[in-house]
Amino acid sequence: MKCLILPDRLVLSLFLDFCVLGGMPDVVKQYIETGTFSGSVEVQEQIRLDYEEDVRKYAEGLDQTRIISVYRSIPAQLAKENKRFQFNKISKNARSREYTGCIDWLIDAGVIMACHCLQFPELPLKGNTDERKYKLYYPDTGLLVSALDEEAQEDLRTNKNLGVYKEALYENFVAEAFLKQGLGLFYYKKENSTLEEDFFVRTADDLIPVKVKSNSNQSKSLTALIKNSNYSDISYGIKLGDFNVGYADHIYTFPYFCAFKLKEYLKEKQY
């Protein structure tokens, strides 16, 4: 079966509304009461300020300014083509040893989530990561949107135009969906090569690369991982994007919003 029909526009529009709002209770409550986005960004900004205040209150023995700098830098880093977290994007002379404890604190507090780079695309996943390489996301996509510049926020809320933040928003949403299902967050980027994949999940026997598509271009890395005999744990892949449910050339396609059901789907697929 090959997918030819795009998902219903209304469903996709509602999906984008969810991305803008996120799932923080006070934000959702504001939206339900008003029926509009009016006031939601102010609530989201206050939540982010509250997080920063918690850093100042509870992060004893660590450089609180550096912790907040890490948190604030994530949206801009995700907007870049290379989404790997880079300390020199915070400060020109920043070093990993100065910030590693800050990142760990934010992860332990549930304020950010880390996606770890695999050393090689094979099972097992745990113990197969390069501790120096990772991407950082917000665990609520609505808070990520609220951290963008005002013009980008307005364009997104009014016109559903994601601009340069398109890939960042979709990837963050999928990372959030995976984390809430108890799936680990892993990606792969081969050194000195264009071969890379956004996420990996697993079943008992299979390693499954997951590509998050923000356009209709071919997924060359996904195809290469499936066809290359060196990656024996990979027999098929999953592509999330502006698609209907479909299957072709060992790749399953799903709309973005199906990311929340992926663990359940993979479990049923085994039987």
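Everything that follows concerns the structure shown earlier in this document.
Residues numbered from 1 in each chain as written. Predicted model: local features only at pLDDT ≥ 70, side-chain atom pairs only at ≥ 80, totals over all residues. Heavy atoms only, no water.

A. Quick look at the pattern of salt bridges. Inspection of every chain in the model, using the stated rule, returns 13 salt bridges. For Glu171, the salt bridge identified is with Lys83, shortest N-O distance 4.0 Å. Here Lys83 lies in the loop between helix H4 (64-78) and helix H5 (96-108) and Glu171 lies in helix H8 (residues 166-180), a separation of 88 residues in the sequence. As far as burial versus exposure is concerned, Glu171 and Lys83 are alike and both buried. (Salt bridge = Lys/Arg side-chain N within 4 Å of Asp/Glu carboxyl O. Helix = DSSP H or I, 4+ residues; strand = E, 2+ residues; numbered from the N terminus. Buried < 20%, exposed > 50% of the residue type's maximum accessible area, 1.4 Å probe, protein only.)

B. Summary view of the pairing of strand E6 (residues 207-212). Of all 6 residues that make up E6, 6 are buried, and the element is covered over most of its length. Bridge analysis of strand E5 (residues 199-202) against E6 gives 4 bridges, and the strand direction is antiparallel. Following the sheet pairing, Phe199 is matched in E6 by Val210. Counted between consecutive antiparallel strands, the loop separating E5 from E6 contains 4 residues. In this sheet, strand E7 (residues 237-241) lies alongside E6 in parallel orientation, the contact comprising 3 bridges. The residue of E7 that forms the bridge with Lys211 is Lys239. (Pairing = 2+ DSSP bridges.)

C. Up close: the sheet that holds strand E1 (residues 113-118). As summarised here, the arrangement of the 4 strands in space is E2-E1-E3-E4, forming an open sheet in which the pairing is mixed. Both edges of this open sheet fall to strand E2 (129-137) and strand E4 (196-197), since each of them pairs with a single strand only. Where E1 meets E2, 6 bridges bridge the pair, whose relative direction is antiparallel. Residue Leu118 lies in a different strand from E2, and its bridge partner there is Thr129.

D. Layout of the packing of aromatic side chains. Tallying each qualifying case throughout the model produces 21 aromatic pairs. Ring centres 4.8 Å apart and planes at 15 degrees place the aromatic pair Tyr71 and Tyr138 in the stacked group. With Tyr71 in helix H4 and Tyr138 in the loop between E2 and helix H6 (141-146), the pair connects residues that are 67 residues apart, well separated along the chain. Each member of the pair Tyr71 and Tyr138 is classed as buried. Aromatic side chains Tyr170 and Tyr256 sit 4.0 Å apart centroid to centroid with 20 degrees between the ring planes, which places their arrangement in the stacked category. Separated by 86 residues along the polypeptide, Tyr170 in helix H8 and Tyr256 in the loop between strand E9 (251-255) and helix H10 (262-269) bring together distant segments of the chain. Like Tyr170, the residue Tyr256 is buried in the burial classification. Among the aromatic residues, those joined into a ring-pair cluster are Phe15, Phe18, Tyr170, Phe173, Tyr256, Phe257 and Phe260. We note Lys135 situated over the ring of Tyr187; from NZ or CZ to the ring centre the distance is 4.5 Å. (Phe/Tyr/Trp six-rings, centres within 6.5 Å; stacked < 30°, edge-to-face > 60°. Lys NZ or Arg CZ within 6 Å of the ring centre and 35° of its normal.)

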